[in-house]
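# Architecture at a glance
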Amino acid sequence: MSALTLINARLGADAQALQTLYVEDGRFVSAPGAGAEILDLQGKLLLPGLVETHIHLDKACIMQRCQLSEGTLAEAIAQTRSAKADFTEADVYGRGAQVLEKAITQGTTHMRTHVEIDPQIGLTGFNAVRRLKADYAWAISLEICVFPQEGLLNNPGTEALLCEALAQGAEVLGGCPYTDADPGAQIRRLFELAVEFDRDLDFHLDFDLNPEGMTIGEVIRCTHQHGWAGRVTIGHVTKLSALPRDTLLAVAESLAEAGVQVTCLPSTDLFLTGREHFHNRPRGLAPLQHLHACGVTCSLSTNNIGNPFTPYGDASLVRQANLFANVSQLATEAELLRCLSWVSSESARLLRLPDYGLTPGCRADFIVFDAPSPAAVVAEISPPLMGYKAGRKTFERAQPRLIRP
């Protein structure tokens, strides 16, 4: 690989001073390489690439095939199940590629995608996403999480397919306990499989606004039992938003002690929950600011784009950070920086990414913004102007130009 020298860059740690960074063989280094190309950023803001921790490429962009009338989770699952009957590998690949290309041009350089596995779809989605992983590796690192959207224990044949996908290289094992008659039993079985295959776990969990019936406690217990601290993530967990403060903080401390991580999915969670309320409709998002304060590793993510779970989206993680800030009433510079971290550095911690950042030794995955500060990126929903993966440019966006009379 050729060497690259970045001059006149502003960094997040000190957004006013102009700095110089060096890249060689796809990583940041401490000194310039021979014959380095010079990139003058002219005072633009440089940030590490964004990290998407929870998205579903296999069922994206299918709204035209579905009918929405209730807008509920149950309807979304049923409509997607119906559409899934006609999925082919080429179809999944094509729709997934649309989302990947959007994500790349929105500054995402790492992504964990959930892929449904069950006897109906088999490994069709998994095989398509594996091809996407290989074909787009030049611009984005893709991690595959296989999970039983239609249930595990209630759906014979699913476990064998999950094991086959894990044996073929799926990096993460996912869960959806509320789809089984005995959610706790699904959690326990998935932990056993995770230990057997040495995989991290990522659950769709406690996805409603009724504080009763939480399964977080079983996830925490199993994490302690199997020594899986730092390797378990729970997504959605909207039940947390319905807890009184003291109860929430006690749960948060238990999550932190166990090493269980939390992903909030603002667009989907706001769209699907609280529909039974006509007035005083709850916001219903996992309260990351309180979880983070208690030591829980957190992230914000997209979840779905263009399907019954989330009928819209442009794959912008900055937009998700801004949406969460709006709904959670976060506005100070420190709060906006925290929101940004939940789509970047904290997300990287959640995915256990090695060598993430802008210091020597880190992989040269970075993006450039025309924004006065990192907090302003979130406040203004700034689009990135260009991005690099391992020191190679992957996209660029022309800035708009006013045409005066």
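Residues numbered from 1 in each chain as written. Predicted model: local features only at pLDDT ≥ 70, side-chain atom pairs only at ≥ 80, totals over all residues. Heavy atoms only, no water.

Turning our eyes to something else, we now look at helix H11 (residues 333-341). Along H11, the residues that are buried comprise Leu336, Cys339, Leu340 and Ser341. Buried residues along H11 sit in contact with strand S5 (45-48), strand S13 (298-300), helix H10 (317-328), helix H12 (345-350) and helix H13 (374-380). (Buried < 20%, exposed > 50% of the residue type's maximum accessible area, 1.4 Å probe, protein only. Helix = DSSP H or I, 4+ residues; strand = E, 2+ residues; numbered from the N terminus. Contact = heavy atoms within 4.5 Å.)

With the rule as written, the count across this model stands at zero disulfides. Free cysteine: cysteine 294, not disulfide-bonded; nearest cysteine sulfur from cysteine 298 at 9.6 Å. (Disulfide = S-S within 2.5 Å.)

Looking now at the domain arrangement of the chain. You can read the domains of the chain as domain 1 (4-48 + 357-396) and domain 2 (50-351). Of note, the centres of domain 1 and domain 2, computed from C-alpha atoms alone, are 29 Å apart. Contact with domain 1, which involves 18 residues of that partner, is made by 20 residues of domain 2. Here domain 1 and domain 2 share an interface that buries about 1600 Å² over both sides, 71% of which is from carbon and sulfur atoms. On inspection of domain 1 and its partner domain 2, the count reaches zero salt bridges. Counting across the domain 1 and domain 2 interface gives four residue pairs in polar contact (both at pLDDT 80 or more). Where the side of domain 1 that touches domain 2 is concerned, the elements lending two or more residues are S5, strand S14 (366-369), H13, strand S15 (386-389) and strand S16 (392-396). Per-class residue counts for the side of domain 1 that touches domain 2 are 13 nonpolar, two polar and three charged. (Domains from an automatic or database assignment. Buried area = accessible area lost by both parts, 1.4 Å probe. Salt bridge = Lys/Arg side-chain N within 4 Å of Asp/Glu carboxyl O. Polar contact = N/O pair within 3.5 Å; in protein donor to acceptor, adjacent residues only side chain to side chain. Nonpolar A, V, L, I, M, F, W, Y, C, P; charged D, E, K, R; others polar.)

Turning our attention to the sheet that holds strand S10 (residues 200-205). Backbone-to-backbone hydrogen bonds join strands into a sheet, with any given pair of strands oriented parallel or antiparallel. Read across the sheet, eight strands follow the order S6-S7-S8-S9-S10-S11-S12-S13 without closing on themselves; strand pairing throughout is parallel. The strands lining the two open edges of the sheet, one partner per strand, are strand S6 (50-55) and S13. On average, adjacent strands in this sheet sit at an angle of 25 degrees to one another, irrespective of strand direction. Summarising the sheet, strand S7 (residues 108-116) and strand S8 (residues 141-147) pair through seven bridges and their orientation is parallel. When the bridges of S8 are listed, valine 115 appears paired with valine 146. (Pairing = 2+ DSSP bridges. Axes fitted to C-alpha atoms, helices over the stretch in contact; angles between N-to-C directions.)

Now for the pairing of S6. Where burial is concerned, most of S6 is hidden: six out of the six residues are buried. Here four bridges tie S6 to S7, and the two strands are oriented parallel to one another. Each bridged residue has a counterpart across the sheet, and for isoleucine 55 the counterpart in S7 is threonine 113.

Relative to the helices and strands, leucine 166 resides in helix H4 (residues 158-167). For leucine 166 and cysteine 145, which are 21 residues apart along the polypeptide, the C-alpha to C-alpha distance reads 9.0 Å. Each residue touching leucine 166, except ones within four places of it in the same chain, is listed here: Val146, Val172, Leu173, Phe197 and Arg199.

Within the structure shown, the criterion is met by six aromatic pairs. Between phenylalanine 324 and tryptophan 342, the ring centres sit 5.7 Å apart and the planes meet at 90 degrees, which makes this aromatic pair edge-to-face. Residue phenylalanine 324 is found in helix H10, and its partner tryptophan 342 is found in the loop between H11 and H12; the two are separated by 18 residues along the sequence. The residues phenylalanine 324 and tryptophan 342 share a single accessibility class, namely buried. (Phe/Tyr/Trp six-rings, centres within 6.5 Å; stacked < 30°, edge-to-face > 60°.)

We now examine the UniProt feature "domain: Amidohydrolase" (unreviewed entry) in the chain. Within the UniProt annotation, "domain: Amidohydrolase" (unreviewed entry) is assigned to residues 37-118 and 150-379. In residues 37-118, the share of helix is 35% and the share of strand is 28%. The end C-alpha atoms are 49 Å apart. For residues 150-379, the helix share is 42%, the strand share is 12%, and the end-to-end C-alpha distance is 38 Å. (UniProt positions renumbered as here; feature names shortened; annotations may be inferred.)

In this section: the pattern of salt bridges. Summed over the entire model, instances satisfying the criterion amount to 25 salt bridges. Among the ionic pairs, aspartate 200 bridges to arginine 231, the shortest N-O distance being 2.5 Å. Of this pair, aspartate 200 sits in strand S10 while arginine 231 is found in the loop between helix H6 (216-226) and strand S11 (232-236), placing the two residues 31 residues apart along the sequence. The burial state of aspartate 200 is the same as that of arginine 231; both residues are buried. The partner of arginine 221 in a salt bridge is glutamate 218, and the shortest N-O contact between them spans 2.8 Å.

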